[in-house]
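Examination of the molecular architecture
These are the residues of each chain, in order.
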Amino acid sequence: MGQTLYEKVFNAHVVREVAGETPLIYIDRQLAHEVTSPQAFSGLRATGRKMRQPSKTIATMDHNVSTRSLAIDACGDQSETQLRTLRANCEEFGVELFGLGHINQGIVHVMGPEQGLTLPGTTIVCGDSHTATHGAFGAISFGIGTSEVEHVMATQTLKQPRFKTMKVQVNGKLHESLSAKDVILAIAGVTTSSGGTGYAIEFCGTAIEALSMEGRMTLCNMSIEIGAKVGMIAPDQTTIDYVEGRPFAPKGDAWDEAVEYWSTLKSDDDAEFDAVVELNADDISPMVTWGTNPGQVIGVNDPIPSPADFTDAVAADSCAKARSYMGIKDGQKLTDLAIDVVFIGSCTNGRIEDIRAVAEVAQGKKVAENVEAIVVPGSGLVKKQAEDEGLDKILIDAGFEWRLPGCSMCLAMNDDKLGAGQRCASTSNRNFEGRQGRGGRTHLVSPSMAAAAAIAGRFADVREI
Amino acid sequence: MAGIQKMISVAAPLDRSNVDTDQIIPKQFLTKVERVGFGEHCFHDWRYLDEAGTQVNPDFILNQPVYQDAHILVTRENFGCGSSREHAPWALKEMGYTIILAPSFADIFYGNALNNGMLPVKLSEQVIDVIMKQLLAEPGAQMTVDLESKTVIAPDGTCYDFDLNDFHRECLLKGLDSIGWTLQFEDAISEYEAKIPAWRS
Ligand code: SF4
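Residues numbered from 1 in each chain as written. Chains lettered and ligands numbered in written order. Predicted model: local features only at pLDDT ≥ 70, side-chain atom pairs only at ≥ 80, totals over all residues. Heavy atoms only, no water.

Points about the overall build of chain B
Scanning chain B for helices and strands turns up eight helices and seven strands. Projected onto the principal axes, the alpha-carbon positions of chain B cover approximately 60 × 40 × 25 Å. A burial count over chain B gives 61% of its 201 residues as buried. Sequence separation of 24 or more characterises 64% of the internal contacts of chain B that already satisfy a separation of 6 or more. Entry remark: accessible area of chain B is about 8000 Å², with carbon and sulfur atoms responsible for 49%. Taken as two groups, the 16 positive and 29 negative side-chain charges of chain B have centres that lie 2 Å from each other. (Helix = DSSP H or I, 4+ residues; strand = E, 2+ residues; numbered from the N terminus. Buried < 20%, exposed > 50% of the residue type's maximum accessible area, 1.4 Å probe, protein only. Contact = heavy atoms within 4.5 Å. Areas by Shrake-Rupley, 256 points an atom, 1.4 Å probe, with all protein chains shown as cover. Lys, Arg positive; Asp, Glu negative; His and termini not counted. Charge placed at Lys NZ, Arg CZ, Asp CG, Glu CD.)

A closer look at the interface of chain B and chain A
Taken residue by residue, the interface counts 61 residues in chain B and 75 residues in chain A. Summed over both sides, the interface of chain B with chain A buries roughly 5100 Å², with 54% coming from carbon and sulfur. A salt bridge links R438 of chain A to D45 of chain B; the shortest N-O distance between them is 3.2 Å. In this structure, the connection of chain B to chain A is made through 31 residue pairs in polar contact (both at pLDDT 80 or more). Those elements that provide at least two residues to the side of chain B that touches chain A are α1 (21–24), α2 (44–47), α3 (87–95), α4 (107–115), α6 (166–174), α7 (178–183) and α8 (186–194) of chain B. (Buried area = accessible area lost by both parts, 1.4 Å probe. Salt bridge = Lys/Arg side-chain N within 4 Å of Asp/Glu carboxyl O. Polar contact = N/O pair within 3.5 Å; in protein donor to acceptor, adjacent residues only side chain to side chain.)

A word on the sheet that holds strand β11 (residues 230–232) of chain A
Residues and elements named next belong to chain A. Strand order in the open sheet made by the four strands is β11-β10-β9-β12, with parallel pairing throughout. If you trace the sheet from one side to the other, it starts and ends with β11 and β12 (275–280), each paired once. Averaged over all pairs of adjacent strands, the angle between strand axes in this sheet comes to 20°, irrespective of strand direction. (Pairing = 2+ DSSP bridges. Axes fitted to C-alpha atoms, helices over the stretch in contact; angles between N-to-C directions.)

A closer look at the UniProt feature "domain: Aconitase A/isopropylmalate dehydratase small subunit swivel" (unreviewed entry) in chain B
Residues annotated in UniProt with the feature "domain: Aconitase A/isopropylmalate dehydratase small subunit swivel" (unreviewed entry) correspond here to residues 4–125 of chain B. The distance from the first to the last C-alpha atom of residues 4–125 of chain B is 25 Å, and the span holds 22% helix and 17% strand. (UniProt positions renumbered as here; feature names shortened; annotations may be inferred.)

Things to note about empty space enclosed by the protein
One pass over the structure, following the stated rule, counts four cavities of 30 Å³ or more. Approximately 210 Å³ is the volume attributed to the largest cavity. Lining the largest cavity we find 24 residues, and of these H63, D128, L411 and R435 of chain A together with S83 of chain B sit closest to its centre. Of all the elements in the fold, those that place two or more residues in the lining of the largest cavity are α4 (108–115) and α12 (346–349) of chain A. Here the residues of the lining of the largest cavity are counted per class, giving eight nonpolar, 12 polar and four charged. Mapping the lining of the largest cavity onto the domain boundaries places at least three of its residues in each of domain 1 (5–159) and domain 3 (296–464) of chain A. Quantified by volume, the second largest cavity comes out at close to 140 Å³. Around the second largest cavity, the lining comprises 16 residues; the ones closest to its centre are S193, I224 and G227 of chain A together with C81 and G82 of chain B. When grouped by side-chain class, the residues that make up the lining of the second largest cavity number six nonpolar, seven polar and three charged. (1 Å grid on protein atoms, 1.4 Å probe; cavity = no way out; pocket = protein on both sides within 12 Å on 5 of 7 lines; lining within 4 Å. Points joined across faces, edges and corners; volume = space filled by probe spheres on them. Nonpolar A, V, L, I, M, F, W, Y, C, P; charged D, E, K, R; others polar. Domains from an automatic or database assignment.)

Here's the deal with the confidence of the model for chain B
Within chain B, residue pLDDT values average 93, and 99% of them lie at 70 or more. What the predictor reports for the complex is a pTM of 0.89 with an ipTM of 0.93. (pLDDT = per-residue confidence, 0-100.)

A word on the site of the ligand
Residue and element names in this part refer to chain A. Near the ligand the following residues occur: H63, I107, H109, D128, H130, S346, C347, C407, C410, L411, N429 and R435. According to the grid-proximity analysis, the pocket containing the ligand is the largest cavity. The class makeup of the residues in the shell around the ligand is five nonpolar, five polar and two charged. A domain split of the shell around the ligand shows at least three residues from each of domain 1 (5–159) and domain 3 (296–464). (Near = heavy atom within 4 Å. Sits in = over half its atoms within 2 Å of the grid points.)

Examining helix α2 (residues 38–47) of chain A
Listed in full, the buried residues belonging to α2 of chain A are P38, Q39, A40, F41, G43 and L44 of chain A. At its buried positions, α2 of chain A is contacted by α3 (77–93) and α5 (146–155) of chain A together with α3 of chain B. Residue G48 of chain A follows α2 of chain A closely and has a positive phi angle near 70°.

What to know about the side chain of S223 of chain A
Residues and elements named next belong to chain A. Relative to the helices and strands, S223 resides in the loop between α8 (213–221) and β11. We classify S223 as buried; its relative accessible area is 0%. Excluding its chain neighbours within four sequence positions, the residues that come into contact with S223 are A132, F203, A228, V230 and G231.

Let's talk about the domain arrangement of chain A
All names here are of chain A. In terms of domains, chain A is made up of domain 1 (5–159), domain 2 (164–236 + 251–283) and domain 3 (296–464). Just the C-alpha atoms count here: the centres of domain 1 and domain 3 sit 28 Å apart. Taken together, the contacts link 24 residues of domain 1 with 24 residues of domain 3. Both faces considered, domain 1 and domain 3 share a buried interface measuring about 2100 Å² in area, 60% of it formed by carbon and sulfur atoms. It is T67, R68 and I107 that lose the most area in domain 1 upon contact with domain 3, and together they represent 31% of the buried surface on that side. Among the ionic pairs, D415 bridges to R68, the shortest N-O distance being 3.9 Å. The interface formed by domain 1 and domain 3 holds 12 residue pairs in polar contact (both at pLDDT 80 or more) in total. Tallying contributions element by element places α4 first for the side of domain 1 that touches domain 3, with four residues.

Right, here's the structure in full:
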């Protein structure tokens, strides 16, 4: 029987595999940030252990940096302590850091691919659950906890079970105003937010092949939102063109060797998957979440579900709880809901293509009164590129705020947060209760849908704008 | 890390599915650089009526006096979904919950819990439902979880088996540190590293 892409990459990384024991696999790259690394570094210090390969870990500051100021103390004492601790730890252990104000600084999952740290056929980990983003390149990439961060630092390996495999095939052609975000939200609507638990997903099909690397990253980024730690896409020419020439990408003979190997990285025709999900891109409309997990999602013109629509008692109860938290009244449609805040950014949708999509919708229009709309580029390089293209001007003229790079309102650890009851159209990845601020109501959408909402002051079908 | 062999304790019912790690420990408490100090903020938004955490929410079940010494938490499917933050198991453990029973756990949380000497026990949805009902009917009821024999005794005395991979069971029983375990195989790691192709090194 043939092998899946996941199995090929996994097999190439096994250091030790013995019956009855979880396999030990080699980790090629670790990305680190200020929130989930301090306890790992202090663990090393407490046990007198060294980092095995300090050059294989790269750090950045993103989770709690300010998007208004480069000052290290802009977000309060504790954040400052974390940022300073990261800087001191990186110096002590010899880890390269892209700190505040560095042009490469940005959200880990934006920075990694930009720098060529993310390569097909590698294993990549980070103490952040959206690490599956890098799977867009055909890497096995997943989020880990702090004990595991320390484990990788000390041993450059991790114990990882072999996951079951799931194929998510999307054929057909996506409407031109839609994007990868609509595709992954539509998938979440089918699988629910836990349908992928225990699986490594491979996304494939003509609609996936047609996506740019940015789009593929958006897709894999949200694998965890359907429960899967790992989401992957087989590398192809699009992938190779993106990686070539980036600072950390291999050069010369090593590059040729890599490209040759990468061409073998696809699931064999006779490979078997433990589960298969199929969607047709032609059927996908602009998606908006209505509830408090990413699986609670519908097309913008579809009716919002009510508890009576569910036969399963747990699902009905979770629908009722979500409607009440989200402040949705009987008979309301998504397009009736007025928006207070629009957030464009995050490792899901903070890349240059996302900012271009927003600028395209916003050009020559104005953000509705009473709507606060912020655009937070995913990295220093994204910010610069957008400014070189004049996108910041278009956005500022339309009434958007143009901010400094970071995670920002994706998790609201800095001062960008929702107030209780505020409704937000957000391009991030999680709509959990309180994620963007206690009592805040998050609706996940694509960048162009967020821009459309900013202008209309309520949800609107971007195909009609 | 102390090992877990057998636990007899009050079990607290948290009758919710999809409890995510943002709920277990909201992000505003993630700015610490130590591993302690998270317990008092565990389930913060449910546990307290105000943001500052000064007014205890009397309606939140885990606030009831009978559960203050509980070490076993019984909950519904997909527990620990969302963010990879290990602060979630740190917070739960510090709050007193070393053993969690649920029909399913999110993958990252499951690994994180084990790495912190906690025992996530998977039982079928039906069994959890039966136990949940018993606990809700009789607040303060005790349960037994025996790691040696991999069994759980419900409040009504029924015994259920559960599954756990041998490696994790060993580590939990002996309180082993997983880095120390891996470092036994340093030679295998070096051997692997010697074979890594140039483009990947
Ligand atoms: S943008 Fe959000 S999801 Fe992405 S790394 Fe930052 S906090 Fe995590």
